[in-house]
Amino acid sequence: MPHDPITDAVLDLIARQDPDVAGLIRKEGQRQATTIELIASENHVSPAVMHAMGTCLTNKYAEGYPGARYYGGCVFHDQVEDIARERAKKLFGCRFANVQPHSGAQANMAAMMALMEPGDTFASLVLKDGGHLSHGMKINFSGRFFRPVHYPLHYPPGHPEHERIDYDAVKALCREQRPKVLMCGYSAYPRVIDFKRFREAADQCGAVLVADIAHIAGLVAAGVHPSPFPHAHVVTTTTHKTLRGPRGGLILTDDEDLAKKIDKALFPGTQGGPLMHVIGAKAVAFGEALRPEFKDYARQVVANARALAAALMTRRYRITSGGTDNHLMLVDLRGRDANLTGADAEQWLEAAGIVTNKNGIPDDPRPPRVTSGVRLGTAAVTTRGMREPQMERIAGWIDRVLAAGLQSPGERESTSRGVRGEVRDLCGQFSLP
Ligand code: DSN
C-alpha cells in the first residue's frame, strides 16, 4: 500500500544511509496501513503534521519563550511558537496556552509543580479506575512528591448512574481532605464529564480544578464534548489523541497569574529545550482543527463509537455504563463469556489485524496484565473515513475472532486468517491520510 510520496522519498533517503531503520519504518507504515486501529489514544496524522516534524526546526535550542529566549537565532522559532499558542487559545477559547510540554505527563507535572508544594494533597481518580499514571500513582512523580487521595469512580451497583462519576463522593472527599488541587479527566471513561459539578466540589475547599482532557481534546475543540472552560482553572492535554496532532502536550488557562506560574514550572521547572519541530507540527495540527471539516470528523468519531458499542451490545457484549458519549468504550468481556480475558482478546484480535488494548473494567477482579475488558476507540478509523456500516463489520469481526478463540486454538487460527484478509481489503478501501 503506498505511502504519501514525500514519505516514500524520505524513506528512500534514510535507506541509502541506514537501511535497517528505514526498513523498520516501512514495515510499521505497512502495519498501520493494513490494520484497524482501535486503540482509543491513537490516531493517524495528516502528511502536513507528519512532515512538519521532520524539518530543520529540530536543529535549534529555544529555551525560554517567544521574545525571551536563552539562545540567539530564534526569530523564526518565536513566530512558529506564537502561531501554535494563538491557534491553541482560539481552539479552546482561553487566554493563555503553553505549547511546550513534551507529553501529557509533562504537562501534568508542570501543572502540579505550579500549583502545589511537595507533600501537598490533591484529589483524583486512581489509574485502575480510568485515571492516569500522572494522576497520583505511587511509582510516579505525582504519587511520590505529592499526597494523592482518590475519589471512587462510580455509584454503587443498582444506582441508575452506576459506572459513572459519583459527583457526591467527589464533593465529600473535597470536604474531608481539603485538597489543594482537584483533578478530573480520564483515560478510560466513556461518558460526558460535568466540569461544572467538579468546579462546585473544588470551590467547597478552595482547590484549583485541573482538567486533563487528553482523551477528549479533539471532541472539546470541535464542540462535541462540553468545554472545561470556564469551570477548570487549568486544562492539560496531549495533542495526539482525538486532537490528531503530533505526540506532545499542552497547558491552557484563563488566569494570568496561573499562566505565569505554569510557564515557570514548565521551563525552567521541569523541562529544558522545547521540541520545536513538534511545536511546528502542533501549530499545523491546531490549524487543521480550526477548520470546519474537523467538526465533521469529531461528530463522526462519536457517531462511530455509538454505532460500534451498539453493534457489540447486540452480540451480547456488555459495554460499561451501557454505552458511550465520546470516542471510547470499555467492553466487559465477561458478558460474552466468563472465561474471556482482556489479554486474550487483545492478542487474538491483533492476529486478525484489529489492534486494541486490554483494559480493566470498573471493579475488575483480574490484575492489570490480564483484565476483563478491552478499551476501543474510533478516532483513528474515523480519520480513515470509516462510518457506521464499517463499525458494524468491525463488531462482527471482533465477535467472530473471540468466539473462535473460545472454541479452540485451531478454530481461532483459521478464523483470524480469514478475518485478517477481510480487514486488509477494508483497509485498502480506506487509506491513511
Ligand atoms: N497511555 C494513554 C492512553 O492510552 O490512554 C494515556 O496517556
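For the structure given in this document, a descriptive report is provided here. Just so it is clear, the model here is predicted, and its values are computed rather than measured.

1. Concerning the packing of helix 7 (residues 167-177) against helix 8 (residues 195-205)
Relative placement of two packed helices is described by the angle separating their axes and the distance separating the axes. Packing of helix 7 against helix 8 brings their axes to within 8 Å, and their N-to-C directions diverge by 15 degrees. Looking at the two axes, helix 7 sits roughly parallel to helix 8. Taken as a pair, helix 7 and helix 8 cross one another with a handedness that is right-handed. On the side of helix 7, the interface is formed by Y167, D168, V170, K171, C174 and R175, while helix 8 contributes R197, F198, E200, A201, Q204 and C205. Here the residues of the contact of helix 7 with helix 8 are counted per class, giving 6 nonpolar, 1 polar and 5 charged.

2. So, the site of the ligand
Surveying the vicinity of the ligand reveals the residues S41, H132, S187, H215, K241 and R375. Within the contact set of the ligand, an oxygen atom lies 2.7 Å away from a side-chain nitrogen or oxygen of S41. Between an oxygen atom of the ligand and a side-chain N or O atom of R375, the distance comes to 2.8 Å. Class assignment for the residues of the shell around the ligand results in no nonpolar, 4 polar and 2 charged.

3. Some words on the nonpolar core
For soluble globular proteins, the rule of thumb is that nonpolar side chains tend to be buried together. F92, Y151, L182 and F198 are the most contacted members of the largest nonpolar core, which totals 58 residues. With residues up to four places along the chain from it excluded, the contact list for F92 reads I213, A217, V220, A221, S227, F229, L243, L250 and L252. Counting residues in each nonpolar core, the second largest holds 35 residues, with L349, M391, I398 and F430 among its members.

4. As for the packing of aromatic side chains
Across all of its chains, the model carries 6 aromatic pairs by this definition. With centroids separated by 5.2 Å and ring planes inclined at 15 degrees, the aromatic side chains of Y61 and Y71 adopt a geometry described as stacked. Here Y71 lies in the loop between strand 3 (68-69) and helix 4 (75-92) and Y61 lies in the loop between helix 3 (47-53) and strand 2 (64-65), a separation of 10 residues in the sequence. An angle of 50 degrees between the planes, with centres 4.9 Å apart, marks the rings of F294 and Y297 as tilted. Here F294 pairs with Y297, and both are found in helix 12 (residues 292-313), just 3 residues apart, close to one helical turn. Judged by its relative accessible area of 7%, Y297 falls in the buried class. Through pairs of rings, three or more aromatic residues link up here, namely Y151, Y167 and F198.

5. Let's talk about the environment of N43
Turning to its location among the elements, N43 is positioned in the loop between strand 1 (36-37) and helix 3. In this structure the C-alpha to C-alpha distance between N43 and D18, which are 25 residues apart in sequence, comes to 27 Å. Setting aside chain neighbours within four positions, we find N43 in contact with H240, K241, T242, R244, Y297, A379, A380 and T383. Polar contacts involving the side chain of N43 include one to the main-chain carbonyl oxygen of K241, which spans 3.0 Å. At 2.9 Å, the side chain of N43 and the side chain of Y297 are in polar contact.

6. Points about unusual backbone geometry
The linkage connecting F229 with the following residue, P230, adopts the cis geometry, with an omega of 10 degrees. Among the secondary structure elements, P230 is positioned in the loop between helix 9 (217-221) and strand 9 (234-238). Cis geometry marks the peptide bond from F267 to P268; its omega dihedral reads 10 degrees. In this structure, P268 sits in helix 10 (residues 256-270). The residue R244 is not glycine, and still its phi comes out positive at about 65 degrees. Mapped onto the elements of the fold, R244 is located in the loop between strand 9 and strand 10 (249-253). Positioned with a positive phi, S321 is a non-glycine residue whose angle comes to about 65 degrees. With respect to the helices and strands, the residue S321 is situated in the loop between strand 11 (318-319) and strand 12 (328-332). S321 sits in the buried class, given a relative accessible area of 11%.

What counts and what doesn't
Residues numbered from 1 in each chain as written. Predicted model: local features only at pLDDT ≥ 70, side-chain atom pairs only at ≥ 80, totals over all residues. Heavy atoms only, no water. Axes fitted to C-alpha atoms, helices over the stretch in contact; angles between N-to-C directions. Helix = DSSP H or I, 4+ residues; strand = E, 2+ residues; numbered from the N terminus. Parallel < 35°, antiparallel > 145°, perpendicular 65-115°, else oblique. Left-handed = near helix turned anticlockwise from the far one by under 90°. Contact = heavy atoms within 4.5 Å. Nonpolar A, V, L, I, M, F, W, Y, C, P; charged D, E, K, R; others polar. Near = heavy atom within 4 Å. Polar contact = N/O pair within 3.5 Å; in protein donor to acceptor, adjacent residues only side chain to side chain. Core = buried A, V, L, I, M, F, W, Y, C linked by side-chain atoms within 4.5 Å. Buried < 20%, exposed > 50% of the residue type's maximum accessible area, 1.4 Å probe, protein only. Phe/Tyr/Trp six-rings, centres within 6.5 Å; stacked < 30°, edge-to-face > 60°.

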